[in-house]
Amino acid sequence: MTDVLQLLLHLDQLAIRATGELHWEPATAVLAFVSLWWVKGPLLIGLGWCSDLHRRRLLPLVAGAATASFFLASGLNYVLKALVDRSRPPEAIGLDALVGVPGSPSFPSGHAMTAFAVAGAVALLAPRLRGPVLGLATLIAF
């Protein structure tokens, strides 16, 4: 393994350990909430529907783009996870997770990938929602 890759793996483990030691109940509650399955896609897609309804569009342009982005990102994520096959960090370095950990590989993050795909579609087509959807996607990714 190259020295650069070794350094990156070491920095990755240091970051995981550092964040694993952060225990602040309000933050844990918020982050656990935004990691729920329905926040990363359906909630953001719902915001697209709200934009379409507010604009009284006959064709749900924003909601359609958000939905397509969600499914494309989910499919791509599934393929990439199978190729990379990285185990979940708590398992890999012996940390106890604060919430339930899925059994699927950890990289790339499905939550981050789908949230930013949907938020990007909504942000492009509904500029007034840009701040809230990108802020929510950032929180989900974190």
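Residues numbered from 1 in each chain as written. Predicted model: local features only at pLDDT ≥ 70, side-chain atom pairs only at ≥ 80, totals over all residues. Heavy atoms only, no water.

Draft legend 1. Local environment of the overall build of the chain. Counting secondary structure elements, the chain contains 7 helices and 0 strands. Order of helices (α) and strands (β) in the chain, N terminus to C terminus: α-α-α-α-α-α-α. When the 142 residues of the chain are sorted by exposure, 25% land in the buried category. In the structure as shown, the chain presents an accessible area of about 9,300 Å², 70% of it carried by carbon and sulfur atoms. (Helix = DSSP H or I, 4+ residues; strand = E, 2+ residues; numbered from the N terminus. Buried < 20%, exposed > 50% of the residue type's maximum accessible area, 1.4 Å probe, protein only. Areas by Shrake-Rupley, 256 points an atom, 1.4 Å probe, with all protein chains shown as cover.)

Draft legend 2. Molecular detail of a nonpolar patch on the surface. On the surface, Val-4, Leu-5, Leu-7, Leu-8, Leu-9, Leu-11 and Leu-14 cluster together into a nonpolar patch covering about 630 Å² of accessible area. Summarising the element assignment, Leu-14 is placed in helix α1 (residues 3-20). (Patch = residues over 30% accessible without salt bridge, like charges linked within 9 Å, V, L, I, M, F, W, Y side chains within 5 Å. Salt bridge = Lys/Arg side-chain N within 4 Å of Asp/Glu carboxyl O.)

Draft legend 3. Main features of the packing of helix α2 (residues 25-34) against helix α7 (residues 130-141). The interhelical angle for the contact between α2 and α7, taken along N-to-C directions, is 105°, at an axis separation of 8 Å. With respect to α7, the axis of α2 lies roughly perpendicular. Along the contact surface, α2 presents Val-30, Leu-31 and Val-34, while α7 presents Leu-136, Leu-139 and Ile-140. Of the residues belonging to the contact of α2 with α7, the class tally is 6 nonpolar, no polar and no charged. (Axes fitted to C-alpha atoms, helices over the stretch in contact; angles between N-to-C directions. Parallel < 35°, antiparallel > 145°, perpendicular 65-115°, else oblique. Contact = heavy atoms within 4.5 Å. Nonpolar A, V, L, I, M, F, W, Y, C, P; charged D, E, K, R; others polar.)

Draft legend 4. Inspection of α7 at higher detail. Across its 12 residues, α7 extends 16 Å between first and last C-alpha, which sits within 8% of the 16 Å expected from 1.5 Å per residue. Of all the residues in α7, the buried ones are Val-133, Leu-136, Ala-137 and Ile-140. The buried residues of α7 occupy one face: seen down the axis, they fall within an arc of 100°. (Expected span 1.5 Å × (residues − 1). Arc of directions from axis to C-beta.)

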